[in-house]
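# Observations on the three-dimensional arrangement
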Protein chains: 2
Amino acid sequence: MNTITKQSINGGEFLIKETDAQDIFIFEEFNEEQKMMAQACQDFIDTEITPNIEEIDSMKNPEIIPNIFKKAGELGLLGISVPEQYGGMGMSFNTSMLIADIVGSAGSFSTTYGAHTGIGTLPILYYGTEDQKAKYLPKLATGEWAACYCLTEPDAGSDANSGKTKAVLSQDGKHYLINGQKMWISNAGFADIFIVFAKIDDDKNLTAFIVEKSFGGITMNEEEKKMGIKGSSTRQVFFNDCKVPAENMLSDRGNGFKIAVNILNIGRIKLGSGILNGAREVISQAIKYSTERKQFGVSINTFGAIKSKLAEMAIRTYVSESLTYRAGQDIEDRINDLVASGMEDAIAKLKGVEEFAIECAISKVHGSEVLDYVVDQGVQVYGGMGYSADAPMERAYRDARIVRIYEGTNEINRMLMVGMVLKRAMKGEINLFEPAMAVSQELTSVPSFDTIDTSELFAAEKEVIKKLKKVFLMVGGKAAMALQDKIESEQEIMMNLADVMVEIYAAESAILRTQKLVSLRGEEACVHQIAMSQVYLSSAVDRINAAAKEAIGSFTKGDEQKVMLMGLKRFTKMDLVDTKTLRRQIADYMIEKGKYPFS
Amino acid sequence: MNTITKQSINGGEFLIKETDAQDIFIFEEFNEEQKMMAQACQDFIDTEITPNIEEIDSMKNPEIIPNIFKKAGELGLLGISVPEQYGGMGMSFNTSMLIADIVGSAGSFSTTYGAHTGIGTLPILYYGTEDQKAKYLPKLATGEWAACYCLTEPDAGSDANSGKTKAVLSQDGKHYLINGQKMWISNAGFADIFIVFAKIDDDKNLTAFIVEKSFGGITMNEEEKKMGIKGSSTRQVFFNDCKVPAENMLSDRGNGFKIAVNILNIGRIKLGSGILNGAREVISQAIKYSTERKQFGVSINTFGAIKSKLAEMAIRTYVSESLTYRAGQDIEDRINDLVASGMEDAIAKLKGVEEFAIECAISKVHGSEVLDYVVDQGVQVYGGMGYSADAPMERAYRDARIVRIYEGTNEINRMLMVGMVLKRAMKGEINLFEPAMAVSQELTSVPSFDTIDTSELFAAEKEVIKKLKKVFLMVGGKAAMALQDKIESEQEIMMNLADVMVEIYAAESAILRTQKLVSLRGEEACVHQIAMSQVYLSSAVDRINAAAKEAIGSFTKGDEQKVMLMGLKRFTKMDLVDTKTLRRQIADYMIEKGKYPFS
Ligand SMILES: Cc1cc2nc3c(=O)[nH]c(=O)nc-3n(C[C@H](O)[C@H](O)[C@H](O)COP(=O)(O)OP(=O)(O)OC[C@H]3O[C@@H](n4cnc5c(N)ncnc54)[C@H](O)[C@@H]3O)c2cc1C
Ligand SMILES: Cc1cc2nc3c(=O)[nH]c(=O)nc-3n(C[C@H](O)[C@H](O)[C@H](O)COP(=O)(O)OP(=O)(O)OC[C@H]3O[C@@H](n4cnc5c(N)ncnc54)[C@H](O)[C@@H]3O)c2cc1C
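Residues numbered from 1 in each chain as written. Chains lettered and ligands numbered in written order. Predicted model: local features only at pLDDT ≥ 70, side-chain atom pairs only at ≥ 80, totals over all residues. Heavy atoms only, no water.

In the annotation of an unreviewed UniProt entry, chain A is listed under the name Acyl-CoA dehydrogenase and assigned to Belliella buryatensis. Turning to chain A, the UniProt record has this under Catalytic activity (unreviewed entry): "a 2,3-saturated acyl-CoA + A = a 2,3-dehydroacyl-CoA + AH2". Quoted verbatim from the Sequence similarities (unreviewed entry) field of the UniProt record, the comment on chain A reads "Belongs to the acyl-CoA dehydrogenase family." (UniProt positions renumbered as here; feature names shortened; annotations may be inferred.)

## Examining the overall build of chain A
Along chain A, the regular secondary structure elements total 20 helices and 10 strands. Computed over C-alpha atoms, the radius of gyration of chain A comes to 24 Å, within 12% of the 25 Å expected from 2.2 N^0.38 for 599 residues, which places it in the range of a compact globule. Oriented by its inertia axes, the alpha-carbon framework of chain A measures out at about 75 × 60 × 50 Å. In chain A, buried positions account for 62% of the 599 residues. Long-range pairs, those at least 24 residues apart, make up 78% of the contacts in chain A with a sequence separation of at least 6. Carbon together with sulfur atoms contributes 51% to the accessible area of chain A, which is approximately 22,300 Å² in total. Charged side chains in chain A number 67 positive and 82 negative. The centres of these two groups are separated by 4 Å. (Helix = DSSP H or I, 4+ residues; strand = E, 2+ residues; numbered from the N terminus. Rg over C-alpha atoms; globule rule 2.2 N^0.38 Å. Buried < 20%, exposed > 50% of the residue type's maximum accessible area, 1.4 Å probe, protein only. Contact = heavy atoms within 4.5 Å. Areas by Shrake-Rupley, 256 points an atom, 1.4 Å probe, with all protein chains shown as cover. Lys, Arg positive; Asp, Glu negative; His and termini not counted. Charge placed at Lys NZ, Arg CZ, Asp CG, Glu CD.)

## Topic: the interface of chain A and chain B
Across the contact, 70 residues belong to chain A and 70 residues belong to chain B. Connecting chain A to chain B are 16 salt bridges. In this structure, the salt-bridge partner of A:Arg583 is B:Glu550, at a minimum N-O distance of 3.1 Å. The interface formed by chain A and chain B holds 48 residue pairs in polar contact (both at pLDDT 80 or more) in total. Ranked by residues supplied to the side of chain A that touches chain B, first place goes to helix α18 (residues 527-555) of chain A with seven residues. (Salt bridge = Lys/Arg side-chain N within 4 Å of Asp/Glu carboxyl O. Polar contact = N/O pair within 3.5 Å; in protein donor to acceptor, adjacent residues only side chain to side chain.)

## What to know about a negative patch on the surface
On the surface, A:Glu130, A:Asp131, A:Glu247 and A:Glu344 cluster together to form a negatively charged patch. Overall, the relative accessible area of 64% leaves A:Asp131 in the exposed class. (Patch = residues over 30% accessible without salt bridge, like charges linked within 9 Å, V, L, I, M, F, W, Y side chains within 5 Å.)

## Considering the packing of aromatic side chains
The description of two aromatic rings rests on the distance between their centres and on the angle between their planes. A complete count under the given rule lists 35 aromatic pairs over all chains for this structure. Residues B:Phe27 and B:Phe30 carry aromatic rings whose centres are separated by 5.5 Å and whose planes lie at 85 degrees to one another, so their mutual orientation is edge-to-face. Assessed through its relative accessible area of 12%, B:Phe27 is described here as buried. In textbook terms, an aromatic cluster arises when at least three aromatic residues are bridged by ring pairs, as seen for A:Phe25, A:Phe27, A:Phe30 and A:Tyr325. Stacked on the ring of A:Tyr536, the Lys or Arg A:Arg543 has its end atom at 5.2 Å from the ring centre. (Phe/Tyr/Trp six-rings, centres within 6.5 Å; stacked < 30°, edge-to-face > 60°. Lys NZ or Arg CZ within 6 Å of the ring centre and 35° of its normal.)

## Here's the deal with the nonpolar core
Residues A:Phe109, A:Met417, A:Val475, B:Phe109, B:Met417, B:Val475 and B:Met501 are the most contacted members of the largest nonpolar core, which totals 375 residues. Beyond its immediate chain neighbours, meaning those up to four positions away, A:Val475 contacts A:Leu497, A:Ala548, A:Ala551, A:Ile552, A:Phe555 and A:Met564. (Core = buried A, V, L, I, M, F, W, Y, C linked by side-chain atoms within 4.5 Å.)

## Concerning the UniProt feature "domain: Acyl-CoA dehydrogenase/oxidase C-terminal" (unreviewed entry) in chain A
The feature "domain: Acyl-CoA dehydrogenase/oxidase C-terminal" (unreviewed entry), as annotated in UniProt, sits at residues 254-417 of chain A in this numbering. Along residues 254-417 of chain A, the helical share is 77% and the strand share 2%, with 24 Å between the first and last C-alpha atoms.

## Topic: empty space enclosed by the protein
Residues and elements named next belong to chain A. Applying the stated criterion across every chain yields a total of 10 cavities of 30 Å³ or more. Estimated volume of the largest cavity: approximately 70 Å³. Surrounding the largest cavity, Ser81, Met91, Ser92, Phe93, Ser96, Leu122, Tyr126, Ile266, Lys270 and Lys349 form its lining. When residues of the lining of the largest cavity are traced back to their parent elements, those giving at least two are α4 (93-103), α6 (122-127) and α8 (256-274). (1 Å grid on protein atoms, 1.4 Å probe; cavity = no way out; pocket = protein on both sides within 12 Å on 5 of 7 lines; lining within 4 Å. Points joined across faces, edges and corners; volume = space filled by probe spheres on them.)

## Points about the site of ligand 1
The full set close to ligand 1 counts 30 residues, and A:Thr152, A:Ser158, A:Trp184, B:Arg293 and B:Gln380 are the nearest of them. The site occupied by ligand 1 is bordered by residues of chains A and B. The separation between an oxygen atom of ligand 1 and a polar main-chain atom of A:Leu151 is 3.0 Å. The contact in question runs from an oxygen atom of ligand 1 to an N or O atom on the side chain of A:Glu411, over 2.8 Å. (Near = heavy atom within 4 Å.)

## Section: the site of ligand 2
As a matter of local geometry, ligand 2 sits amid 30 residues, with A:Arg293, A:Gln380, B:Ser158, B:Trp184 and B:Thr409 nearest to it. Ligand 2 is flanked by residues contributed from chains A and B. A:Gln380 places a polar main-chain atom, nitrogen or oxygen, 2.6 Å from an oxygen atom of ligand 2. Contact with the protein chains covers 95% of the free accessible surface of ligand 2, which is 980 Å². Of all the secondary structure elements, the ones that give two or more residues to the shell around ligand 2 are α10 (304-340) and α12 (357-382) of chain A together with β3 (175-186) and α14 (410-426) of chain B. When the residues that make up the shell around ligand 2 are grouped by side-chain class, the tally is 16 nonpolar, 10 polar and four charged. (Nonpolar A, V, L, I, M, F, W, Y, C, P; charged D, E, K, R; others polar.)

Right, here's the structure in full:
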C-alpha cells in the first residue's frame, strides 16, 4: 500500500504546477540518524583530510589517497547506497545526497569519493546481474576495491557515445578483447575495477563492461597536471587487448549509453549536493577572517561592501540547498512509490532518478555556479591573502572550477534540461501546451487588477513565482511554436530558457523551504531565511527578465515582440525589496554566529 | 599656445556631458611608430617569455626572470616613460599604456614589468629631485637596477596609510633608520631599489624613501606561494635599522600617502590596458581550439552556445579597449595642455592623471572584471582541457585573478570613483547638481514623446546613453541629498552607483570609438564593431537597471520610490536588440579570421 500522502509531482512539472510547502522535504528535516551519519563523515574529514590536505594535493605520497579511501571504507562511508545484503549500509537516496554534501568539503577527496561511490559503483548496483553484484559490490562497499568510470575519450567528451574504444568477442565466445584509449579517468591511478564503455564491432551505441585491473592489458599515462583537485588521481587509460570475460558485460549489448546517461543523472544531483558543504565552509572561513581582519581600525565585515558579499554567498547556498534536497526527496519518494507498487529495487531507483532528470541537471548547474560565486567572493574577502596558497581560499577557488565541467558541462546540462521539458511536453508527459496557450491568451486580454491578500507570509512572493512560470510558458511556448524542430540548433535561446527554468526552480524551492520551516519553528525564528528567500527572488526576477528579453529579441519581431515584452513586464512585476537592509541583517546574524548558520 | 582643438572634458564629466566621437582617441589611431614599438614588444614576448613560461612559473631557476628583465631593458622596454635625458625613450602616456597592454599577455612577467616601470620607477620620475632622477632613472630605464614598491604591510593593505614602518632621523641628521615589515612586495626577490613608505616619528602620514638594497638592513622571507603569476617574485621584506641617507627622502615629509595614491592612479589605468592583450590572446586561443575541437561531428564553435561565448568575450574586450585608451588620451592631452601652459613636466603628468583618477579607477575595475570573464569562459570553451595545466587556459585563469585584488581592490576602487565624483561635485569642479535637479524635475513632468531621428548611426543608442546618465544623476543626486555625509557608510549604494558609472563610461566609449572608426573606414567595414557596441549597450542597460533598482530600494520609500522607479523605467528604455544574431555574426567573423580581429 502506498502510504505517501503528499501531492506527487512529476519531473519538470514545477513549471506548471504549484507545490504546497508541506509537500517538499527540507534540509532541517533530516533525522537524528542521518545527522549522526553526517557528523561521523564530518569528523572523518576533520581528522583524516583537513590536516593532510597539502600532502594529499602534493601527490608526493602515492599511498595517502588510497589509505584515506580504505579508512573511509572501514567507516562505511563507501557503502552508503549499497544495500545491506551486499555489505553496504543501504541508506536512502537523500541520505546519500547528504553524505555527498558533507564529503564535498574534502577537496580532492570528494572527487575520489564521487567517482568511486557514484559513477564507479552504481552501474553495477543498478545494472549488474545478481552474480556481478554479489562479486563486486561487497568489495566496493568496504573499499577493498576502488572503482573508476571510463567513458570519456580524447575525441569523445560531451559526445560520449562517439567513443572509439572497441570490444571484440573472441572466437570461443568467452572473452571480449577491449582496445582503446580513455581520458580524464578519476581514480584510475589506484582503481581495481574499471567500468568501461566500448563499442562491440560497429555498433552505433556503447556497451558497458566491468573490467578488473587484474585482467591485464591496462596501462596508463602519468597523472594529469590540473588546476585543482590535485590530489585526485586523473589519468589517461589505455586498453591493449584487455581480456574481459563475456559475463562481465553490464546489462545488454548497446545499452551502455543509456547506462552512462542514467548514472550521470545521479552523478549530477550528487554534485549539486556535493558543492554545499564546500560552500558553507568557505562562507564560515570568510566570516571568521573578515572578523579578525582589521582595516581602517575595524573588522572589515563592518563594511557594507563585505556584509553584502557574505550575505549573498549565504543566500545562494541556502537556495541551492533548498532545491537540491527538494529534488532529492522527490526522487526518493518516487522510488518508494515504485517499489511499493511492486517494481524491483534497482529498476525503481533508475526510474525515480530518470523521472527527475530535469531537476538533476538544474541541481548541478545551480550548485556549480553558486560554488564558483562563493569561492570567488571568498578570495575577494581575503584580499591579497585570497591569492596566497597559505590561506584556504586559493585551493577552494581552484578546486571549485571543475564542477562546471565534468559530469556534463553546464552548457550540455542547460541544453538537456530544456530539451527534456520540450520532449516531455511533446510526449504528453507534462501538460505544457495548455498552460502555454492560456498564457498566450492572457497576453492579449486586459490584465486583472485583483489585489491579492498579502497578509499571509509569502503570498506576494508566490504570486511572483506564478507569474515567472508564465514567463517560461510564454517564451518557451512561442519559441517551440516558432522554431519547431529547429529550436535545438538555436542554442542561445535554449540557454536563455534554461536560465529561466533554473531560477524559477531555485526561487520557488527557497520560498517553499522557508515556508515549511516557519510552519515548524514559527516566523520569528526564521526572519533570516525569510529575508534570504526574498532577496534571492528579487534578483532571480532580474535574471529571468534579462534572459527572457534576450530570447524574445532573438526570435520575434514587430507586434508579436511588443505583446511579449508587455507580457514580460507584467509577469516580472515585483515590489522592490530593500536588499541592502536585508543583506545586512543576514550578515550581522552570521557574524554573530561566526559561521554559516542555516543548516 | 594651446593648439588642441578638441573639446576638453574634465575627469568625471562624462556623467553630465556629451562627447563628440571625434574628440576621443581610439585604438585604431596608434601610429606606425607606436605600432612598431608594440610589435617589438610582442616579438620579445614571443621569443623570450612564451617558450619559457613553464620554467618562469616554476621559479626553479632564480636567474630566469632577472635575465629576461635585463633583456627587456636592453630593448628599451623598461624606459618607455622615462625621458630621454635620463636614458629612457620618453614616450607619451598613451604609448606607455600600449606597451603595458602588450606586456600584459606575458603572464608573471607582466607583474614584474608593471612593478618596475610603474610603481617602482614613477615615484622617482614624478617626485624625485634632479639629483635623485639623475642617479636612479638611467639605471632603472636600462634595467641595470630593478625596482620594487613597498607600501603594503601585514596590517596595512587597503588602509595603506596605517602602516607601522618607522623612519627615525639620526642625531647628526644624516640618515634615517628604517624599521618595519612590508608584505606582498612584487620584485622584492631581485630588486636593487626599494621605494619604501614609512612614518617619521609619530607622523599621521607616510613619507616615501628611495632605498638601495646595498644600504643594508634589508632581509626577506621566502617567495610567497600564490594562485598565479607564480614566476613573479612576491616577498615579505623586513627593514632592520636600514640606514637611508637623508637626501633619499622622496618629496616632502608626510607626502608619502599622496605619492602612493597618485602613483596608484597611474598603476590602475595601466592595469586597465594591461589586461587587454591577455584577453585578446585567450580569445584567439579559444577561437583556434574551438575550431580544431570536434564533437558531434563538427567544430564546437558551430554551436550557438560556444559562438555566443566567443562573441561576448570579444565584445567586452573591445569595450574595455575603447574606454581605457579614451581615458589614456584624455590624460595625455591634459598633460600636454598643462605643459603648454608652462607647468613643469613631472607636475603636469601628475596633475593630468589626478584629473582623471575617476576614469583610472573605472579602467581598472572594468578591465579586471572583463579579464576574469574572458578567462572563465576560455576555460569553459576548452572543457576538460580547460582544467589541464597542459593547455593555456589553466594558467590564464589563475594569473588573471590577481588583478581584482592589487593596486586597490575593486571594492576600494568602486568606492573611490563614486566618492571622487561626489567630492568634485561638492567642490564645484563638476557641475553635477544642476543636471541632477533638472532630472529631478523631469521626473514629475510629462515625458516628451518627441521621436528622435534614428536615420543617423547610433542616434538611438546615444539617446539611450543620455538617459542612462540621467539614471546616475537621479539615483546619485537623491542619494547624496538623502544620505548627506552618511553616504560613505552606505557602501552598498556606493557600489551600485559605481556599477552605473562604469557601465555608462564603458558603453559610451564603445559607441564613440565605433562612430569614429566608421568616420574613418565607412560603415560597411565596421559592421562587427557596430554590433559589438549595440550588444554591449543592451546588456549595460540591464546591469544599470538592476544596480539602480537595488540602490533605489535601499534608501527610498513610498511615493518617492514610485516616482524614481517610473523614472528608471523611462531612462532605461531601449529597443530590443537581437543579441543572438549579432553575436553569431561577430563570432563567425572571428572564426573566419582565426583570432581576435578588432585591434
Ligand atoms: C578532472 C576531471 C575528471 C574527470 N573524470 C572523469 C571520469 O572519471 N570519467 C570520465 O569518463 N570522464 C571524466 N572526465 C571527463 C569529463 O566528463 C569531460 O571533460 C566533460 O564531459 C567535457 O568533455 P570534453 O572535455 O571532451 O569537452 P568538449 O566536449 O570538447 O567540450 C568543449 C566545450 O564545447 C561545449 N560543447 C560540446 N558539445 C556541445 C554541444 N553539442 N553544444 C554546445 N556546446 C557544446 C562544451 O560545453 C564545452 O564548453 C573528467 C574530466 C576532468 C577535467
Ligand atoms: C601578488 C601580489 C602582489 C602585490 N604586489 C604589491 C607590491 O608590489 N607592493 C605593495 O605595496 N603591495 C603589493 N600587493 C598588496 C596589494 O596591494 C594588497 O593585497 C591590496 O591592496 C589589498 O590589501 P590587503 O591584501 O591587505 O586586503 P584588505 O585590505 O585586508 O582587504 C580585504 C577585503 O576587505 C575589503 N576592504 C578593505 N577595506 C575596505 C573598506 N574600507 N570598505 C570596504 N571594503 C574594504 C577589500 O576590498 C577586500 O575585499 C600585492 C599583493 C599581491 C597578492
